[in-house]
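Observations on chain architecture
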Amino acid sequence: MKNGDDLIGYTLWGDPVYRVKRKRGRPPFEWTEENSFKVSILLAAGWSNERIAGTVLDPRTGQSISIPTLKRYFRAELASRDFARDQLNAKQLLVAAQAAFSGNVGAMRVLQQLMDRNDRMQAERQAKKITSPAQSADRQGKKAMDKVKAADAEAALQAALELEASRGSPRQ
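Since we're looking at a predicted model, the values are computed, not measured. (Residues numbered from 1 in each chain as written. Predicted model: local features only at pLDDT ≥ 70, side-chain atom pairs only at ≥ 80, totals over all residues. Heavy atoms only, no water.)

Along the chain, the position of Asn-89 falls in helix H5 (residues 84-101). Judged by relative accessible area, which is 15%, Asn-89 ranks as buried. For Asn-89, the contacting residues outside a window of four places in its chain are Arg-117 and Met-121. (Helix = DSSP H or I, 4+ residues; strand = E, 2+ residues; numbered from the N terminus. Buried < 20%, exposed > 50% of the residue type's maximum accessible area, 1.4 Å probe, protein only. Contact = heavy atoms within 4.5 Å.)

In structure tokens:
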């Protein structure tokens, strides 16, 4: 039996009538920890919002959710899109380190592989930082490139005219 506060009255036959707690229509989506985990992992994998929305299922209806529903209920997860991959790598390192420090030899090997991969990524980032300022210093703007092209074209035309003049005109 329901609370007495929810009782509105009685039907003609004496059955109790209670206040309806929810609105009509499809029930609203309910956020679950499982779906939150799924969205976070798929963001770390680089999936688009459309693909993620197609895989997240509403636990009550069993249907995939729409993009506005994804944005409404998973706002915090979507906000971490730019660094989701870094968060995943950090979590892998932490779990492997905890297992390795507890004496698990396999985890020690995995931790070393993760550290090597991290070192390679940092070396690549440093290499990009070193090469990118040099490339930008050599790069010219559009107007400067147009001036160089115009000077080259004028020099080529002048050379062609001089060559023709040195051969002599056959029509004379």
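As a further point, take the pattern of salt bridges. Applying the stated rule across the entire model yields 2 salt bridges. Among the ionic pairs, Arg-60 bridges to Glu-30, the shortest N-O distance being 2.8 Å. You can see Arg-60 sitting in the loop between helix H2 (49-55) and helix H3 (67-73) and its partner Glu-30 sitting in the loop between strand E2 (16-18) and helix H1 (33-44), a full 30 residues away along the chain. Residue class for Arg-60 comes out partly exposed when judged on its relative accessible area of 41%. Taking the shortest distance from any N to any O, the salt bridge between Asp-146 and Lys-142 comes out at 3.7 Å. Here Asp-146 pairs with Lys-142, and both are found in helix H7 (residues 142-167), just 4 residues apart, close to one helical turn. Classification of Lys-142 by relative accessible area gives exposed; the value is 61%. (Salt bridge = Lys/Arg side-chain N within 4 Å of Asp/Glu carboxyl O.)

Considering the arrangement of structural elements, one finds Leu-114 in helix H6 (residues 105-138). Under the relative-accessibility criterion, Leu-114 is labelled buried at 13%. Taking the C-alpha atoms as reference points, Leu-114 and Asn-89, 25 residues apart in sequence, are found 8.4 Å from one another.

Bridge analysis of strand E1 (residues 7-10) against E2 gives 3 bridges, and the strand direction is antiparallel. When the sheet's bridge partners are listed, Gly-9 is paired in E2 with Val-17. The turn linking E1 back onto E2 is made up of 5 residues, and Gly-14 within it adopts a positive phi angle of 95°. (Pairing = 2+ DSSP bridges.)

Before going further, it helps to spend a moment on the nonpolar core. Within the largest apolar cluster, 13 residues are counted, with the highest numbers of intra-cluster contacts made by Val-39, Leu-43, Ile-52, Val-56, Ile-65, Leu-70 and Phe-74. Among the elements of the structure, H1 and H2 are those that each provide at least two residues to this core. With 4 residues, the single largest contributor to this core is H1. Excluding residues that lie within four positions of it along the chain, Ile-65 makes contacts with Phe-29, Ala-53, Val-56, Asp-58, Leu-70 and Phe-74. Ranked by size, the runner-up nonpolar core spans 6 residues in total, among them Ala-96, Ala-100, Leu-111 and Leu-114. (Core = buried A, V, L, I, M, F, W, Y, C linked by side-chain atoms within 4.5 Å.)

Moving on to H1. Across its 12 residues, H1 extends 17 Å between first and last C-alpha, which sits within 8% of the 16 Å expected from 1.5 Å per residue. Of the positions making up H1, those classed as buried are Asn-35, Ser-36, Val-39, Leu-42, Leu-43 and Ala-44. Tucked inside the fold, the buried residues of H1 contact H2, H3, helix H4 (75-79) and H5. (Expected span 1.5 Å × (residues − 1).)

Applying the stated criterion to the full structure yields 2 aromatic pairs. Consider the rings of Phe-29 and Phe-74, whose centres lie 5.9 Å apart with planes at 65°: the pair is edge-to-face. Placement of the pair is Phe-29 in the loop between E2 and H1 and Phe-74 in the loop between H3 and H4, with a sequence separation of 45 residues. Residue Phe-29 is classed as buried on the basis of its relative accessible area, which comes to 8%. (Phe/Tyr/Trp six-rings, centres within 6.5 Å; stacked < 30°, edge-to-face > 60°.)

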